[in-house]
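# Architecture and fold: a report
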Amino acid sequence: MEDLGVAAWPPELIRTGRLVLRASEVRDRATFIELLASPEVHTYLGGPRPRDELEREMPAVPEHRPGSFVVDLDGAMVGLILLRRATGHSRPAAVGKVDLGYLFLPRTWGSGYAAEACAAALGWLDDVLPGEPVVLTTQTANARSMRLAAKLGFTEVERFEAWDAEQWLGMRSTAVPPR
């Protein structure tokens, strides 16, 4: 994955009804480690990384690059939105397109934060890269992620087998329909 190639980063804070999307800061490091080491968060993502490995390797300011948004609720990180150019994607339909990824702390699941934050990040992307198609991959067994993909306007491109599970690749196009 590569960054998006946008010049201005970080953008102004993105505010939704309940959340703030912002660039990562030093204070977010512990939450990044919690997200990446969580068995619940990584149930459909190939499993968690070892906490001691993350503690050693995580930079002071994790994911501080274009397309990485910390999702902040009441002054604390609760999730992460990633928008990256899918240059090395295993599926030809996704190569070169922007890939949407997201991770949220389990205690926030079911609150609608992922939909709110992803919609805001996609709105930002629509402003800086108008008409850019976006892909999203998830396991078909991840019912929450499948519902979120539909809610965000992703439609199925294909299903495929990877990591011993059926995967779903969806695409969201912001192209203006012909008149």
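See the structure shown above.
Below is a short write-up of the structure.

### Re the pairing of strand β8 (residues 165-172)
- Extensive coverage of β8 is indicated by the burial of 7 of its 8 residues.
- Where strand β6 (residues 134-139) meets β8, 6 bridges bridge the pair, whose relative direction is antiparallel. Considered in β8, the bridge of V134 is made with R172.
- Sheet topology note: the strand β7 (residues 155-162)/β8 ladder contains 7 bridges and is antiparallel.

### Let's talk about the sheet that holds β7
- Taken together, the 8 strands give an open sheet; going across it, the order is β1-β2-β3-β4-β5-β6-β8-β7, and neighbouring strands pair in mixed fashion. Each edge of the open sheet is held by one strand with a lone partner, namely β1 (14-15) and β7.
- On top of the sheet, helix α1 (residues 29-37) reaches β3 (68-73), β4 (76-85) and β5 (98-104); it is set at about 70° to β4, its chief contact.

### Section: the packing of aromatic side chains
- Taken as a whole and judged by the stated rule, the model has 1 aromatic pair.
- Measuring from ring centre to ring centre gives 5.1 Å for F69 and W124, while their planes differ by 80°; the resulting arrangement is edge-to-face. Remark: W124 occurs in helix α3 (residues 113-128) and F69 occurs in strand β3; sequence separation between them is 55 residues.
- For W124, a relative accessible area of 10% translates into the label buried.

### Some points on unusual backbone geometry
- The backbone of E63 shows a phi angle near 50°, a positive value even though the residue is not glycine.
- Along the chain, E63 turns up in the loop between α2 (51-57) and β3.
- With relative accessibility at 23%, the residue E63 sits in the partly exposed group.
- Backbone geometry at D74 places phi at a positive 50°, although glycine is not the residue there.
- A relative accessible area of 75% means that D74 is categorised as exposed.

Conventions adopted
Residues numbered from 1 in each chain as written. Predicted model: local features only at pLDDT ≥ 70, side-chain atom pairs only at ≥ 80, totals over all residues. Heavy atoms only, no water. Buried < 20%, exposed > 50% of the residue type's maximum accessible area, 1.4 Å probe, protein only. Helix = DSSP H or I, 4+ residues; strand = E, 2+ residues; numbered from the N terminus. Pairing = 2+ DSSP bridges. Contact = heavy atoms within 4.5 Å. Axes fitted to C-alpha atoms, helices over the stretch in contact; angles between N-to-C directions. Phe/Tyr/Trp six-rings, centres within 6.5 Å; stacked < 30°, edge-to-face > 60°.

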